[in-house]
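# Descriptive analysis of the structure
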Amino acid sequence: MRYTRLFENINQSDNIASDTLNTQKFVSLLAQHKALLLRSDDDENPFNVNEFGNFISNLGLESYPYVGGAAPRRNIPVDAGDNIIFTANEAPPDQLIPFHHELAQVKNPPVYLFFYCDQPSEAGGETALLDSTIVYRYVNDTFPEFMEKLKKYGARYIRTIPAEDDKESPIGRSFYNTYQVKTKMELETKLDATKGLEYEWLDDGSLKVTSEPIPAIRFIEQQQNHAIYQWTFHNSVIAAFVGWEDSRNDRKKSIRFGNDEPMDESILESIAKFMDENKVSYMWKKGDVFALNNRLVMHSRNAFTGVRRVYASMWGDVDKNKNVVQSNLASPGVTNLSSLAVSNPLTFGMWRVEDSEKAAYNAIKSGYRRIDSACDYGNEEGTGRGIRRAIEEGIVKREDLYVTTKLWNTYHAPEHVPLAMDRSLRDLGLDYVDEYLIHFPISMEFVPFEKKYPPEWTNLDGKMVVVKNDINETWKAMESLVDAGKARCIGVSNFNCQHIRQVLSVARIRPTSLQIECHPHLSQEKIIRFAREAGMRVTVFSPLGGTSYISLNMATQDDLLFNNPLLRVLTAKYGKTTAQIMLRWAVQRNTLPISKTSSVKRMEENQALFDFYLHREDVLEINRLNLNRRYNDPGEFCEGGMGTFCPIYE
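Residues numbered from 1 in each chain as written. Predicted model: local features only at pLDDT ≥ 70, side-chain atom pairs only at ≥ 80, totals over all residues. Heavy atoms only, no water.

Per an unreviewed UniProt entry, the protein is named NADP-dependent oxidoreductase domain-containing protein, and its organism is Helicotheca tamesis.

Shown next, in the form of structure tokens:
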């Protein structure tokens with residue numbers, strides 16, 4: 001089987017053995033590429049409809065009943081069973097079917113959508129595709145007030161539905177078929193159960209339905225452990241405005257905001273024009289299969305001449321009853337980032353922040369919900385004041401935040417771990433932290449709290465003294481903090497693979513997080529893979545490279561990634577800053593990047609990552625910038641600054 005990435009390089013196909021395209025591989029491909037064209041390896045023997053039915057039935061997805069759709073469809077029986085494959089919208093061929101997410105006008109639309117071409121038309125009839133995220137970005141940038149209303153109120157759809165299928169109308173599906181009922185009484189019972197929905201029986205026997213407010217903008221976080229983190233224009237607003245027109249319906253009266261306020265027709269027309277100008281159209285060939293991620297991709301149908309037979313199939317998410325996660329190190333850990341209370345993957349870092357109170361407060365006000373602190377940063381009291389101010393002003397609640405702090409090297413002895421935790425909690429003014437990490441796999445001589453705090457890298461005599469310590473015993477003391485409710489999660493920072501193995505060998509409570517340095521000059525692919533396979537999420541510091549290290553004489557101007565020619569090209573291509581390109585790269589690699597700035601404008605810019613995504617080729621090009629260049633390396637700065645040779649990564 002060959003697959004083509006329809007939004008990226010339509011002239012290039014990749015091969016994949018049909019028997020290896022399991023559920024996890026399929027989901028991964030559609031999470032990364034959004035839309036795929038699938039073809040038989042043998043052009044002389046394209047897929048037939050039964051092969052199509054068997055293929056989609058064996059992908060391990062949840063079945064999805066076609067309920068709530070406006071388009072009339074017929075069931076296509078196949079060997080795999082009935083009600084799996086339907087005709088695509090059977091509207092007359094001279095009518096354009098506008099862009100939409102399939103069944104976006106219902107609360108739980110299908111996750112995956114397939115089309116199969118049994119016979120291409122003589123001319124036209126392309127199934128045009130559109131990346132929903134670029135539509136979101138256009139509307140958000142061009143009509144911000146309209147977007148705010150869509151986010152706040154959602155949309156209500158108004159449609160008059162006939163008693164019998166009307167094949168002359170693109171929205172002529174009968175109310176019996178639309179709602180899968182046999183009697184009007186059964187239908188009324190179903191409609192009455194939907195809060196906010198209104199309906200009216202008309203004199204001609206048709207039914208006028210005004211939907212409850214339906215979310216019109218969606219933030220897609222994860223799909224089966226694959227990072228998405230994108231806003232989508234997930235609705236049927238333009239489809240209704242452009243296409244819900246027949247003898248019973250006036251398209252201009254088919255849509256309104258969820259608060260019943262009318263939508264500006266000129267804005268809707270501008271959005272429809274943008275969609276048409278940015279669509280990807282592909283001429284069907286017999287046996288072609290489209291696989292679409294319905295959460296991320298909109299589709300339409302162009303008008304055509306001649307006979308055209310294209311079939312559709314809708315599916316839900318991965319069927320957990322059919323897919324058992326392979327038993328490995330990941331099973332007891334955190335394998336799903338969306339299981340965390342905070343969905344935003346961006347973290348604000350407090351290292352080398354001068355006014356920590358102001359920075360923490362402004363970061364939260366700008367949208368950050370993850371705060372990365374450490375006792376060694378020497379500013380936890382200010383960080384805590386900034387957090388409290390944001391909570392007191394009602395910007396957030398404590399449970400909205402994910403606060404991380406770290407155990408310093410001088411407190412690795414089991415009896416010192418709870419003391420260090422208590423001191424950080426006192427300084428932060430918190431009852432608990434969401435995450436407590438061992439800062440470095442380096443155990444140093446204890447420095448009393450009352451004599452020097454934070455102790456930094458040297459003892460009271462100004463010397464760095466490494467001491468013998470069993471890190472496994474330190475970990476057991478960390479576990480006790482979870483038992484006591486002082487830390488929700490525990491993890492490690494700056495550990496290599498063998499350090500992690502050592503902790504895993506004794507852990508009663510497994511580490512849920514690894515924090516490491518990572519940027520385009522240090523891609524860290526192997527340890528990131530190792531950590532994720534061990535069930536750990538990966539947080540990355542210094543995602544913009546050596547910028548913060550120049551003033552410490554640990555990097556030079558030549559190390560600055562902001563001057564990199566490739567990143568400058570991508571900045572122009574995507575209309576984003578170089579920092580946004582690097583942060584987006586980190587997010588798409590399933591890592592949680594830590595960034596910092598004193599500028600509110602930059603804070604807001606760094607949050608603007610969710611209205612675009614980097615194409616696969618661009619991600620690979622950034623990966624090739626790797627130089628294994630590490631800036632935060634104790635094997636270098638400890639000997640130069642403290643006279644103690646202390647390598648940890650070799």
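## Things to note about the pattern of salt bridges
Counting across every chain of the model gives 33 salt bridges. The salt bridge involving Asp288 is made with Arg39; its shortest N-O contact spans 2.7 Å. With a gap of 249 residues between them, Asp288 in the loop between helix H8 (265-277) and strand E16 (289-293) and Arg39 in strand E3 (residues 35-39) connect regions that are remote in the sequence. Considered together, Asp288 and Arg39 belong to a single accessibility category, that of buried residues. Note that Arg529 is salt-bridged to Glu533, the shortest N-O span being 2.9 Å. (Salt bridge = Lys/Arg side-chain N within 4 Å of Asp/Glu carboxyl O. Helix = DSSP H or I, 4+ residues; strand = E, 2+ residues; numbered from the N terminus. Buried < 20%, exposed > 50% of the residue type's maximum accessible area, 1.4 Å probe, protein only.)

## Quick look at the layout of surface pockets
Quantified by volume, the second largest pocket comes out at close to 990 Å³. Surrounding the second largest pocket, 36 residues form its lining, Trp351, Arg352, Ser548, Tyr549 and Lys596 being those nearest its centre. At the level of secondary structure, the elements contributing two or more residues to the lining of the second largest pocket comprise strand E27 (591-595), helix H17 (600-607) and helix H19 (634-642). By residue number, the principal contributor to the lining of the second largest pocket is H17, which donates three residues. Classifying every residue of the lining of the second largest pocket by side-chain character gives 15 nonpolar, 14 polar and seven charged. (1 Å grid on protein atoms, 1.4 Å probe; cavity = no way out; pocket = protein on both sides within 12 Å on 5 of 7 lines; lining within 4 Å. Points joined across faces, edges and corners; volume = space filled by probe spheres on them. Nonpolar A, V, L, I, M, F, W, Y, C, P; charged D, E, K, R; others polar.)

## Details of the nonpolar core
Counting 88 residues, the largest nonpolar core has Tyr436, Trp457, Met478 and Leu514 as its most contacted members. Apart from residues lying up to four places away in sequence, Leu514 is in contact with Val492, Phe495, Ile500, Ile527, Ala531, Met536, Arg537, Val538 and Thr539. Formed by 32 residues, the second largest nonpolar core is a distinct cluster that contains Val135, Phe146, Ala155 and Met275. (Core = buried A, V, L, I, M, F, W, Y, C linked by side-chain atoms within 4.5 Å. Contact = heavy atoms within 4.5 Å.)

## Things to note about the pairing of strand E22 (residues 402-407)
Taken across its six residues, E22 has six buried, putting it largely inside the fold. Each parallel crossover has a hand, and for strand E21 (residues 370-372) linked through helix H10 (residues 380-392) to E22 it is right-handed. Across four bridges, the pairing between E22 and strand E23 (residues 433-438) is parallel. Residue pairing for E23: Lys406 is matched across the bridge by Leu437. (Right-handed = clockwise from strand over helix to strand, strands pointing away. Pairing = 2+ DSSP bridges.)

## Quick word on the UniProt feature "domain: NADP-dependent oxidoreductase" (unreviewed entry) in the protein
Per the UniProt record, "domain: NADP-dependent oxidoreductase" (unreviewed entry) is found at residues 347-625. End-to-end, the C-alpha atoms of residues 347-625 are 24 Å apart, and along that stretch the chain is 37% helix and 14% strand. (UniProt positions renumbered as here; feature names shortened; annotations may be inferred.)

## Description of the pairing of strand E1 (residues 2-5)
Two faces, one strand: in a regular strand the side chains alternate between the faces of the sheet. Note that E1 and E3 share four bridges and pair antiparallel. Across the sheet, residue Tyr3 finds its bridge partner in E3, namely Leu38. Pairing between E1 and strand E2 (residues 13-15): three bridges, direction antiparallel. Across the sheet, the residue bridging to Thr4 is Ser13, located in E2.

## Topic: empty space enclosed by the protein
Counted according to the given criterion, the structure contains one cavity of 30 Å³ or more. Estimated volume of the largest cavity: approximately 70 Å³. Along its surface, the largest cavity is lined by Thr347, Arg370, Ile371, Asp372, Tyr402, Thr404, Glu435, Gln515, Arg537, Thr539, Leu592 and Ile594. Contributing elements (two or more residues each) for the lining of the largest cavity: E21, E22, strand E26 (537-541) and E27.

## Structural notes on the packing of helix H3 (residues 132-142) against H8
The contact between H3 and H8 brings their axes to 11 Å, and the two run at 140 degrees. With respect to each other, H3 and H8 are oriented oblique. The handedness of the crossing between H3 and H8 is right-handed. Together, Ile134, Val135, Tyr138 and Val139 of H3 and Ser270, Ile271, Phe274 and Met275 of H8 make up the contact between the two elements. A breakdown of the residues in the contact of H3 with H8 according to their chemical character gives seven nonpolar, one polar and no charged. (Axes fitted to C-alpha atoms, helices over the stretch in contact; angles between N-to-C directions. Parallel < 35°, antiparallel > 145°, perpendicular 65-115°, else oblique. Left-handed = near helix turned anticlockwise from the far one by under 90°.)

## Comments concerning unusual backbone geometry
At the junction of Tyr453 and Pro454, the peptide bond is cis and its omega measures out at -5 degrees in the coordinates. By secondary structure assignment, the location of Pro454 is in the loop between E23 and helix H12 (471-483). Even without glycine at this site, Asn494 takes up a positive phi of about 60 degrees. Locating Asn494 in the fold gives a position in the loop between strand E24 (487-493) and helix H13 (497-504).

## Some details on the sheet that holds E27
With parallel pairing, eight strands are arranged side by side around a closed barrel as E20-E21-E22-E23-E24-E25-E26-E27. Between one strand axis and the next, the sheet turns by 30 degrees as a mean value, whatever way the strands run. Bridge count for E23 against E24 is five bridges, and the pairing is parallel. Paired with Leu437 across the bridge in E24 is Gly491.

## Topic: the domain arrangement of the protein
The domain architecture assigned to the protein consists of domain 1 (2-315) and domain 2 (346-642). On a C-alpha basis, the centres of domain 1 and domain 2 stand 42 Å from each other. Each partner contributes to the interface: domain 1 provides 21 residues, whereas domain 2 provides 15 residues. Looking at the side of domain 1 facing domain 2, the largest losses of area belong to Glu8, Arg137 and Tyr229, adding up to 37% of the total buried there. (Domains from an automatic or database assignment. Buried area = accessible area lost by both parts, 1.4 Å probe.)

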